[in-house]
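Secondary and tertiary structure notes
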Amino acid sequence: MDEFSLMLNDILVDIYKNVITLEEKAIKNASSRIKLSISEIHLLEAVSGGKNAGRTISEIAEILDITKPSVTVAVNKLEKKGYLEKHTCESDLRSVRVFLTKEGAKVDAYHKYYHRFMVKSISDGLTDDEKKFLITTIGKLNNFFKDSIEKIK
């Protein structure tokens, strides 16, 4: 690999690791009571997107791109911890919908706040031109990853 490729690879790996680590530390610093992994917090986020209707296990699995059995295990674990609750669907008794509890909603709200704070902190030091360039460049990078994922499926 040429020097640019080596540097880009190192930066991408570092960013991935740092974002995950920073999110975990920010959540732990917010409250010593929150004993959740980033994966669990992202599952709460997926459930919260369903608003008052909640989400089915299948919907959560599709959003997070993980298997339904993995979602079921995680949902049961988060239900035991008091962050989620399951309700049988009235129109289809075979279907279960997952909802945030009050405690789950608090964690999700803090996670959303953290993301707003992170984005504001990054963008505050940038000019308008730098912001446009950053969005364009990261957008291209994201499209590359999305296209690569589609080719692998």
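Residues numbered from 1 in each chain as written. Predicted model: local features only at pLDDT ≥ 70, side-chain atom pairs only at ≥ 80, totals over all residues. Heavy atoms only, no water.

This part is about the environment of His111. With respect to the secondary-structure elements, His111 resides in helix α5 (residues 102–124). C-alpha separation for the pair His111 and His42, spaced 69 residues apart in sequence, amounts to 8.9 Å. Beyond its immediate stretch of four places on either side in the chain, His111 contacts Glu23, Ile27, Ile41, His42 and Glu45. (Helix = DSSP H or I, 4+ residues; strand = E, 2+ residues; numbered from the N terminus. Contact = heavy atoms within 4.5 Å.)

To describe two helices that pack against each other, one gives the angle between their axes and the distance between the axes. Two elements in contact, helix α2 (residues 38–48) and helix α4 (residues 68–81), have axes separated by 11 Å at closest approach and are oriented at 90 degrees. As the angle between them shows, α2 and α4 are arranged roughly perpendicular. On α4, the residues that touch Glu40, Leu43 and Leu44 of α2 are Ala74, Val75, Lys77, Leu78 and Lys81. Residue composition of the contact of α2 with α4, by class: five nonpolar, no polar and three charged. (Axes fitted to C-alpha atoms, helices over the stretch in contact; angles between N-to-C directions. Parallel < 35°, antiparallel > 145°, perpendicular 65-115°, else oblique. Nonpolar A, V, L, I, M, F, W, Y, C, P; charged D, E, K, R; others polar.)

Glancing now at the nonpolar core. Membership of the largest hydrophobic core comes to 19 residues, with the highest contact counts inside it found for Leu36, Ile60, Val75 and Leu84. Sorting the residues of this core by element identifies α2, α3 (57–64) and α4 as the ones contributing at least two each. In terms of residue count, α2 provides more of this core than any other element does, six residues in total. In this view, Ile60 contacts Leu43, Ala46, Val47, Arg55, Val71, Val75 and Val98; residues no more than four positions away in its chain are not counted. (Core = buried A, V, L, I, M, F, W, Y, C linked by side-chain atoms within 4.5 Å. Buried < 20%, exposed > 50% of the residue type's maximum accessible area, 1.4 Å probe, protein only.)

Where strand β1 (residues 55–56) and strand β3 (residues 96–100) come together, two bridges link them in antiparallel fashion. When the sheet's bridge partners are listed, Thr56 is paired in β3 with Arg97. Here strand β2 (residues 84–88) pairs with β3 via five bridges, running antiparallel. Residue His87 lies in a different strand from β3, and its bridge partner there is Arg97. (Pairing = 2+ DSSP bridges.)

Let's shift gears to α3. What α3 keeps buried is the set Ile57, Ile60 and Ala61. All buried residues of α3 project into a common sector of 100 degrees when viewed along the axis, lining one side. Where α3 is buried, its residues touch α2, β1, α4 and β3. Downstream of α3 by a residue or two, Asp65 has a phi angle that is positive, lying close to 55 degrees. (Arc of directions from axis to C-beta.)

Take the packing of aromatic side chains next. For the coordinates displayed, the defined rule picks out three aromatic pairs. An angle of 45 degrees between the planes, with centres 6.0 Å apart, marks the rings of Tyr110 and Tyr113 as tilted. Taken together, the residues Tyr110 and Tyr113, both in helix α5 and three residues apart, mark about one turn of the helix. Judged by its relative accessible area of 26%, Tyr110 falls in the partly exposed class. Residue class for Tyr113 comes out partly exposed when judged on its relative accessible area of 44%. Taken together through their ring pairs, the aromatic side chains of Tyr110, Tyr113 and Phe117 make up a single cluster. (Phe/Tyr/Trp six-rings, centres within 6.5 Å; stacked < 30°, edge-to-face > 60°.)

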